[in-house]
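Structural features, examined
Below are the chains, spelled out letter by letter.
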Amino acid sequence: MAKKESTFVNMVLTLFLVCGIAAGALGYIYTITKEPIETAKKDFLYKQINVVVPGADQGEIGEPIEKEGLKFYVVKDNSGQVIGTAVESFTESGFSGRFDIIVGFDQDGKILDSNVLTHKETPGLGDKMSKDVAPWNEQFKEKDPASYKLIVKKDGGDVDAITAATISSRGYCDALQKAYDGYMKFKNEGGIK
Amino acid sequence: MEYLYIIIAAIFVNNIVLMQFLGICPFLGVSNKVSTAAGMSGAVLFVMTLATIITWLIYTQVLAVFELEYLQTITYILVIASLVQMVEIILKKVSPALYQALGIFLPLITTNCAILGVAILVIQKKFDLLQSVVFSVGTSLGFALALIIFAGLREHLDLINVPKGMKGVPAALLVAGILALAFQGFAGLVKI
Amino acid sequence: MSNVKTFTNGFIKENPVFILLLGLCPTLGVTTSAINGLGMGLATTFVLFMANMVVSMVKKGIPDKVRIPAYIVIIASFVTIVDLAMAAYAFDLHRSLGLFIPLIVVNCVVLGRAEAFASKNNVVSSMVDGLGMGLGFTFALTLLGAVRELLGSNAIFNIKLVEADGMIVFVLAPGAFIALAYLIALMNKLSKK
C-alpha cells in the first residue's frame, strides 16, 4: 500500500476534517443520551432520597438548594406538610479520598436514615457503609446528633466502627456531622419552606 | 496547611501507581534501571504539571462555559499529545542538555494514563487552579517515589534465582504487590 | 492470515494482558469483582472493534505524518460514546468503573492495534482483529476479577459462596499485583508446553 504523502495543506485539512466529524458525531450522540442520563441520575437520586426520607415517593421532592457544597432537598407529603429534608454531604477523608453520602433529617434534626452515594471504598471493608452491602449504617437511625456523638468509639464517641475499616467509618461520621451542621444552619435561616 | 495535606495525600496515601493503578505501563516498562526511572519521573513531573494547568484552564474557561463537557476526553488527549510534541521541539532548541536527559521518554508519555487521569481527577475533585497544580506536583512526586524504589528493587531482582515461570514480569509484579502492601500503611495518615 | 487465525490470535497467543502486557492500568484498577472486569472488558472491546474498523476504512486518506493524532481522535470519539451510553443505560456499572472509562483512550491496546494492525489490513480482518483482541482482554479482566473476588470476598459475580470475610488483601491494591503476577506465571507455564 502506498503511503499518502504529507504536505502541510493535506495534514491540516485531514486533522481538521477528522476533528470536525468527531465533534459533530459526539454532539449528536450527546443530544440523544442527554435525557436518559439525566433520568438515570435523577432516578438514582430519588431512590436514595426515598431510602433516607421514607415516604418521599408518595409525596413531593423539592428542587435542590445548594449551600456550601451541600445540597438540600425538602420533602413534602401530598398535603404539603414537610416530612423531612434530604442532605447530600461528603467527606474528604475516606479510605480512598472523597466520597458522598445522603442523609435524611426530620424537622427536629434527628437522623431519619442515611446511605452512601458514591462507592469507591474497598469492597469487603469500607463498602459496608452502603445499605446494599451491610446493615451498618442502621445504627444512626433516630439519633439526634445534638446529643449523640458522631465519632467512632475508638476516638471517644458513640459510633460502632466497621471492623477493620475505621478510616471509612470516621469519614462517614465526618460527612454526617457536616450534613447535620449544614442542616441546622439551613433550617435556622428559614430554608425549609 | 491545606496544600501540604494535598501533597502528602498525593505522594503517600493515594499514590498514583500503587493505589490508583495509573501509569502502570511506564512503571513496568522503564523500571529496569534507577537512572532511567529518574529520567522518566522528571519528564512526567514536567508534562503532568503543564498538562494539568492547560487542561484545567480549557475546561473551566471553555468547555464548562459552553456546556461542552462531553468533549472533555477528546480535547484533553489532543492537548496532551500536542503538548508533548511541543515540549519536545522546544526543549531541543532551548536546552539540548535537558533534551538529552528527557528526550527519549517524552513520546512514551502520551500514552501514560497518569497524565490524563490527573487532568480528569482535578476536575472531578473540584480543585481550583492552585490546588490542581499542587496536586499534580504531588502526584508526580508520588510517581517518582514509586518508580525509583521499584527500579532499585528490580536491579537487585536480576541477581536472584527465581523459578522459570516467575522470571521477569511476574516476579516484578509480586515485588510491586509487596510495595503496595507497604504503602497501605499510609492509609488514614491525612485527615482533612 | 485467515480471519479465524486472526481472531484466536488475540484471544490466546497474543493475549493483550497475559502475553503482550498492554493495558495493565484498567486491568489492575477495575478488577475488584468479576462483573466490573467484564463490563470494562466489553467497553474496551467495543472501542477496539469500532476504532479498528474506522481506522482501516480511512487509512488511505490520512497523510502518514498525522496518522497518530488522527487515530487518537477517532479512538477518543468512540470512548466518549461508550462513556455517554453507559451513563445513560448502565448507570450502576458506570458509577463503579468511574475514571477508568475515559482512560480507555490511553489504553495502549487500542492505539497499538490501530497502528500495528488496522492501518495495514483490510476492513474485515481489522474488525475480526479488534473483536479477538477485545474479547481476549475481556477474558483476562473477567478472570482476574473472578479470582480476586473469589479470594477477597468469597463470592463470584456478586453471589456469595461462603458466608465469611475473605482475604481482604486481594480486593485491595496489593492483591491486584499479586493475583496478576501468578496468573501471568501460570500462562507462561501453560504456553511453554
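Just above, that's the structure.
Anyway, here's the lowdown on the structure attached to this text. (Residues numbered from 1 in each chain as written. Chains lettered and ligands numbered in written order. Predicted model: local features only at pLDDT ≥ 70, side-chain atom pairs only at ≥ 80, totals over all residues. Heavy atoms only, no water.)

**Some points on the overall build of chain B**
When helices and strands are tallied, chain B shows nine helices and zero strands. Its helices and strands in sequence order give chain B the pattern α-α-α-α-α-α-α-α-α, from N to C terminus. On the principal axes, the C-alpha backbone points of chain B span a range of 60 × 45 × 30 Å. In chain B, which comprises 192 residues, the proportion classed as buried is 52%. (Helix = DSSP H or I, 4+ residues; strand = E, 2+ residues; numbered from the N terminus. Buried < 20%, exposed > 50% of the residue type's maximum accessible area, 1.4 Å probe, protein only.)

**Considering the packing of helix α3 (residues 34-58) of chain C against helix α7 (residues 123-153) of chain C**
Residue and element names in this part refer to chain C. Remark: α3 packs on α7, axes separated minimally by 8 Å, with the N-to-C direction vectors making an angle of 165°. By the angle class used here, α3 and α7 are roughly antiparallel. You can see that α3 and α7 cross each other, and the crossing is right-handed. Split by residue class, the contact of α3 with α7 holds 17 nonpolar, 12 polar and two charged. (Axes fitted to C-alpha atoms, helices over the stretch in contact; angles between N-to-C directions. Parallel < 35°, antiparallel > 145°, perpendicular 65-115°, else oblique. Left-handed = near helix turned anticlockwise from the far one by under 90°. Nonpolar A, V, L, I, M, F, W, Y, C, P; charged D, E, K, R; others polar.)

**Focus: the interface of chain B and chain A**
Counting residues at the interface gives 11 residues for chain B and 13 residues for chain A. Buried area between chain B and chain A, summed over both chains or domains, comes out near 1100 Å², and the portion from carbon and sulfur atoms is 66%. The interface formed by chain B and chain A holds zero salt bridges in total. At the surface where chain B touches chain A, the tally comes to zero residue pairs in polar contact (both at pLDDT 80 or more). In the side of chain B that touches chain A, the residues fall into six nonpolar, three polar and two charged. (Contact = heavy atoms within 4.5 Å. Buried area = accessible area lost by both parts, 1.4 Å probe. Salt bridge = Lys/Arg side-chain N within 4 Å of Asp/Glu carboxyl O. Polar contact = N/O pair within 3.5 Å; in protein donor to acceptor, adjacent residues only side chain to side chain.)

**Brief notes about the packing of aromatic side chains**
In total, this model carries 14 aromatic pairs over all chains according to the counting rule given. Aromatic side chains tryptophan 136 of chain A and phenylalanine 140 of chain A sit 5.4 Å apart centroid to centroid with 80° between the ring planes, which places their arrangement in the edge-to-face category. The class of tryptophan 136 of chain A is buried, set by a relative accessible area of 12%. Between phenylalanine 46 of chain C and phenylalanine 78 of chain C the ring centres are 6.4 Å apart and the planes differ by 80°, which places this aromatic pair in the edge-to-face class. Of this pair, phenylalanine 46 of chain C sits in helix α3 while phenylalanine 78 of chain C sits in helix α4 (residues 67-89), placing them 32 residues apart in sequence. An aromatic cluster of three or more residues is present, and its members are Phe105, Tyr180 and Tyr183 of chain A. (Phe/Tyr/Trp six-rings, centres within 6.5 Å; stacked < 30°, edge-to-face > 60°.)

**Focus on helix α8 (residues 129-157) of chain B**
For an α-helix, the turn length of 3.6 residues means that residues three or four places apart are oriented alike. Counted at 1.5 Å a residue, the expected span for α8 of chain B with its 29 residues is 42 Å, and the 41 Å between its end C-alpha atoms agrees. At the N-terminal end of α8 of chain B, a side-chain oxygen is found 3.2 Å from the backbone nitrogen of leucine 130 of chain B, two or three residues along, and the residue is aspartate 128 of chain B. (Expected span 1.5 Å × (residues − 1).)

**Observations concerning the pairing of strand β3 (residues 70-76) of chain A**
Residues and elements named next belong to chain A. Counting buried residues in β3 gives five out of seven residues, a clear majority hidden from the surface. In this sheet, β3 lies alongside strand β1 (residues 60-61) in antiparallel orientation, the contact comprising two bridges. Note that in β3 the partner of isoleucine 61 across the bridge is valine 75. As paired strands, strand β2 (residues 65-67) and β3 are joined by three bridges and run antiparallel to one another. Directly across from lysine 67, in β3, lies its bridge partner leucine 70. The turn linking β2 back onto β3 is made up of two residues, and glutamate 68 within it adopts a positive phi angle of 50°. Note that β3 and strand β4 (residues 82-94) share six bridges and pair antiparallel. Bridge pairing in β4 places lysine 76 opposite valine 82. The hairpin turn running from β3 into β4, its antiparallel successor, is five residues long, and glycine 80 in that turn takes a positive phi close to 90°. (Pairing = 2+ DSSP bridges.)

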